[in-house]
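Working through the structure, step by step
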Amino acid sequence: MPLLPGAEPLRHDGGEVGVLLCHGFTGCPQSMRPWARYLAERDLTVSLPLLPGHGTRWQDLAVTGWQDWYATVDHELRRLSERCEQVFVCGLSMGGALALRLAALHGDAVSGVVAVNPAATLPRIQGYALPVLRHLLPSTRGVTGDIAKEGAVEVGYDRVPLHAAHSLYELLRTVRGELPRVTRPLLLLHSRVDHVVPPSDSALILDRVSSRDVTETVLERSLHVATLDHDAERIFADSYGFITRLTARKTARDGA
């Protein structure tokens, strides 16, 4: 099946610091590509995989589940860890949830987490209805394209397969239970106005993680897909600053 424009995965071999970027549900690497290129241009080793079922047609997503999506980022983390001295994980929306799960399960193998508008819940009524609805209705309207910047476009599906949405619901429930196991430094950036993931999801995450080094940034000018919106450059610069601060700290500690 041909890929949608911009859905190709991106890999860049740079220095000894690696970064894994995880895109969102029904989206693709296109929404993260400018961020990945920004980091690659600064000599970081970068991996931006395409999650299974994404980047082609929504029917392909319907036959995948969260275990498939997580297995892909888990594999990429392990690959980066073999090559790099430190690895950071970053994610947008569902990708933020996947990044948090990596941090919860891999501990010190993750040097830090950057989450942009991370998802932690689905609307309660929708979540409760999905186990039944997914057998009656194949799909519902899409959630891509929540961007304030004129002319900016997110490449993704215009339909959400309900079987996959139910699996997303199960993923988010799993991640919520694992949040106390997240101890690594966390940079969380969320939009004040978001029509896909409510800001209360970020509040829930901040309340439940065990990280001591936590930075919260509110994005005033962007909607959900902030990596393509007015605050994109701030996200890129802040994430790079977060990474360089932590790598410098480790270098100083190792040299002491």
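Calculation notes
Residues numbered from 1 in each chain as written. Predicted model: local features only at pLDDT ≥ 70, side-chain atom pairs only at ≥ 80, totals over all residues. Heavy atoms only, no water. Helix = DSSP H or I, 4+ residues; strand = E, 2+ residues; numbered from the N terminus. Rg over C-alpha atoms; globule rule 2.2 N^0.38 Å. Buried < 20%, exposed > 50% of the residue type's maximum accessible area, 1.4 Å probe, protein only. Expected span 1.5 Å × (residues − 1). Pairing = 2+ DSSP bridges. Right-handed = clockwise from strand over helix to strand, strands pointing away. Axes fitted to C-alpha atoms, helices over the stretch in contact; angles between N-to-C directions. Contact = heavy atoms within 4.5 Å. Phe/Tyr/Trp six-rings, centres within 6.5 Å; stacked < 30°, edge-to-face > 60°. Lys NZ or Arg CZ within 6 Å of the ring centre and 35° of its normal.

1. Focus on the overall build of the protein
- Secondary structure summary: the protein contains 8 helices and 9 strands in total.
- For the protein, whose C-alpha radius of gyration is 17 Å, the value lies close to the compact-globule estimate of 18 Å for 256 residues.
- Along the three orthogonal principal directions, the C-alpha set of the protein runs to about 60 × 35 × 35 Å.
- Within the protein, the fraction of its 256 residues that count as buried is 56%.

2. A word on helix α3 (residues 66–83)
- Helix length check: α3, at 18 residues, gives a terminal C-alpha distance of 26 Å against a target of 26 Å (1.5 Å per residue), a fit within 8%.
- Of all the residues in α3, the buried ones are Trp66, Trp69, Tyr70, Thr72, Val73, Asp74, Glu76, Leu77 and Leu80.

3. Concerning the pairing of strand β8 (residues 186–191)
- Across the 6 residues that make up β8, a large majority, 6, are buried.
- Pairing between strand β5 (residues 112–116) and β8: 4 bridges, direction parallel. From the neighbouring strand, Val114 faces β8, where its bridge partner is Leu187.
- Note that β8 and strand β9 (residues 214–219) share 6 bridges and pair parallel. Opposite Leu187, over in β9, you have Thr215 as the bridge partner.
- Handedness of the crossover joining β8 and β9 through helix α7 (residues 199–208) is recorded here as right-handed.

4. Here's the deal with the sheet that holds β8
- Overall, mixed pairing links the 7 strands, which are arranged β1-β3-β2-β4-β5-β8-β9 in an open sheet. Because the sheet does not close on itself, it has two edges, and the strands there are β1 (10–12) and β9. Going from strand to strand, the sheet's axes swing by 15° on average, the running direction of each strand aside.
- Bridge analysis of strand β2 (residues 17–22) against strand β4 (residues 86–92) gives 6 bridges, and the strand direction is parallel. Pairing of Leu21 across the sheet is with Cys90, part of β4.
- Contacting β1, β2, β3 (45–48), β4 and β5, helix α1 (residues 33–40) crosses the sheet at an angle of about 165° to β3.
- Packing of α7 onto the sheet brings it into contact with β8 and β9, and relative to β8 it is tilted by some 160°.

5. Focus on the packing of aromatic side chains
- Tallying each qualifying case throughout the model produces 5 aromatic pairs.
- Relative to Phe236, the ring of Trp35 has its centre 6.3 Å away and its plane inclined at 20°; by these criteria the two rings are stacked. Here Trp35, found in helix α1, pairs with Phe236, found in helix α8 (residues 232–255); they are 201 residues apart in sequence, far enough to count as distant. For the pair Trp35 and Phe236, one class covers both residues: buried.
- Centroid distance Phe88 to Phe242: 6.3 Å. Interplanar angle 70°. Geometry classified as edge-to-face. You can see Phe88 sitting in strand β4 and its partner Phe242 sitting in helix α8, a full 154 residues away along the chain.
- Phe242 sits in the buried class, given a relative accessible area of 4%.
- Joined through ring pairs, the aromatic side chains of Trp35, Tyr38, Phe236 and Tyr240 make up one cluster.
- Across from the ring centre of Tyr38, 3.5 Å away, lies the NZ or CZ of Arg42, which sits over that ring.
- Looking at Arg42, its charged tip hangs above the ring of Tyr240, at a distance of 5.9 Å from the centre.

6. Concerning unusual backbone geometry
- Backbone geometry at Ser93 places phi at a positive 60°, although glycine is not the residue there.
- Inspection of the secondary structure puts Ser93 in the loop between β4 and α4 (94–106).
- Given a relative accessible area of 10%, Ser93 falls into the buried group.
- A positive phi angle, near 45°, is found at Asn117, a position not held by glycine.
- Here Asn117 lies in the loop between β5 and α5 (124–136).
- The exposure class of Asn117 is buried, given its relative accessible area of 2%.

In short, the description is geometric, and any link to function would need to be established separately.
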